[in-house]
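The primary structure of each chain is shown beneath.
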Amino acid sequence: MSMELFSPVTDFAGRSVHSQSQHWCTPPQYVDAVKRVFGGEIELDPCSNEQSIVHAKYEFKLPEKDGLVQEWDFASVYVNPPYGADRTRGTTIRNWLAKCSFTRTEYGAQIIALIPVATNTLHWKKYVFGDADAICFLFDTRLRFLVNGNTDNKGAPMACAMIYWGDFFCQFETVFKEYGAVLSLESLKKNKKMDRQMQMSLFG
Ligand SMILES: C[S@@+](CC[C@H](N)C(=O)[O-])C[C@H]1O[C@@H](n2cnc3c(N)ncnc32)[C@H](O)[C@@H]1O
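These numbers were taken from a predicted model, which means no experiment stands behind them. (Residues numbered from 1 in each chain as written. Predicted model: local features only at pLDDT ≥ 70, side-chain atom pairs only at ≥ 80, totals over all residues.)

**A word on the overall build of the chain**
When its secondary structure is counted, the chain shows 5 helices and 11 strands. Considering the chain as a whole, with its 204 residues, one finds that 35% of them fall into the buried category. (Helix = DSSP H or I, 4+ residues; strand = E, 2+ residues; numbered from the N terminus. Buried ≥ 20, exposed ≤ 12 C-beta atoms within 10 Å, placed from the backbone.)

What follows is the structure in structure tokens.
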């Protein structure tokens, strides 16, 4: 896809991220790990590109298929979204996380998203905490993504995490504990549900 669609330098959670980061592809160890959680195969990669080694059964690629417009009605979805703002389409990483959350609720899909750690942002507060089922905060000091098919030896400047929406926490934990600190978000989900019920009883 054309890089001009993205601003050359994007403000991301208070940091400047060069537009090249929009195209950082998942390195092999994480493609394998995600496949193991999903029982061997990723059904959908909604934001793929020509260099990606994810090789999901179904892929959405620009310009033919806008992954934010298509339905994600698949059993397993792996999302490594573009990290900055897409000024042409008026979207950001928040839209990708909103779609993960919606897809989990609507289709009961198992979803894993690889995203930068930014716990103070609206998208983390709304779509990770109280919504997703688990997180793996990755240990990589600088995650080495693939750029144009090669390992980027400089690595990413920000910490990254795998976010999991799904029913198989034990499977997620077993696979990802090798790569980072795995936490269940079950109690946050319960609290959010209780808050909602309380609000409804007070104002409903
Ligand atoms: C960070 S890369 C990840 C590529 C691949 N999923 C992987 O993990 O190897 C994100 C890719 O999403 C693509 N992309 C950006 N906006 C998109 C959209 N609206 N629909 C589909 N793909 C998009 C870009 O071409 C970019 O290369």
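Next, the rest of the story.
**A word on the pairing of strand β7 (residues 134-138)**
Two elements, β7 and strand β10 (residues 160-165), share 4 bridges in a ladder whose sense is antiparallel. In the sheet register, F137 faces β10, and the bridge partner there is A161. Pairing of β7 with strand β11 (residues 180-184) involves 5 bridges; the strand directions are antiparallel. Residue A134 lies in a different strand from β11, and its bridge partner there is S184. (Pairing = 2+ DSSP bridges.)

**A look at the nonpolar core**
If you look at the biggest cluster of nonpolar residues, it comprises 46 residues, and the most contacted ones within it are I112, A113 and I163. Those elements that place two or more of their residues in this core are α1 (28-37), β5 (76-79), α2 (93-107), β6 (110-116), α3 (122-127), β7, β10 and α4 (169-176). Ignoring sequence-local partners within four residues, the contact set of I112 consists of V34, V37, Y78, M162, I163 and Y164. (Core = buried A, V, L, I, M, F, W, Y, C linked by C-beta atoms within 7 Å. Contact = placed C-beta atoms within 7 Å.)

**Details of the site of the ligand**
Taken together, the neighbourhood of the ligand is formed by 22 residues, with C25, C47, S52, G67 and N80 sitting nearest. Residues belonging to the shell around the ligand are distributed by class as follows: 10 nonpolar, 8 polar and 4 charged. (Near = placed C-beta within 6 Å. Nonpolar A, V, L, I, M, F, W, Y, C, P; charged D, E, K, R; others polar.)

**Comments concerning helix α5 (residues 186-203)**
Along its 18 residues, α5 runs 26 Å from first to last C-alpha, staying within 8% of the 26 Å computed at 1.5 Å per residue. Counted residue by residue, α5 has 0 buried out of 18 residues, so it is predominantly exposed. (Expected span 1.5 Å × (residues − 1).)

**Notes on α1**
Among all positions of α1, only Y30, V31, V34 and V37 are buried. When α1 is viewed along its axis, its buried side chains cluster within an angular range of 125° and face the same direction. Residues P28, Q29 and D32 are exposed on α1 and point more than 90 degrees away from its buried face. Against β5, β6 and α4 lie the buried residues of α1. G39 lies just past α1 and shows a positive phi near 80°. (Arc of directions from axis to C-beta.)

**As for the pairing of β6**
Across the 7 residues of β6, 7 count as buried, placing the element largely inside the fold. Residues Q110, I112, L114 and P116 of β6 are buried on one face, and the alternating residues I111, A113 and I115, pointing to the opposite face, are buried as well. Bridge analysis of β5 against β6 gives 4 bridges, and the strand direction is parallel. Bridging from a neighbouring strand, Y78 pairs with I112 of β6. Regarding the hand of the β-α-β motif, the stretch spanning β5, α2 and β6 is right-handed. (Right-handed = clockwise from strand over helix to strand, strands pointing away.)

**Here we look at the confidence of the model for the chain**
Looking at the chain, pLDDT values average 89 and 89% of them are 70 or higher. Contacts for the low-pLDDT stretch residues 1-17, under 50 throughout, to residues beyond four places or in other chains number 34 contacts. (pLDDT = per-residue confidence, 0-100.)

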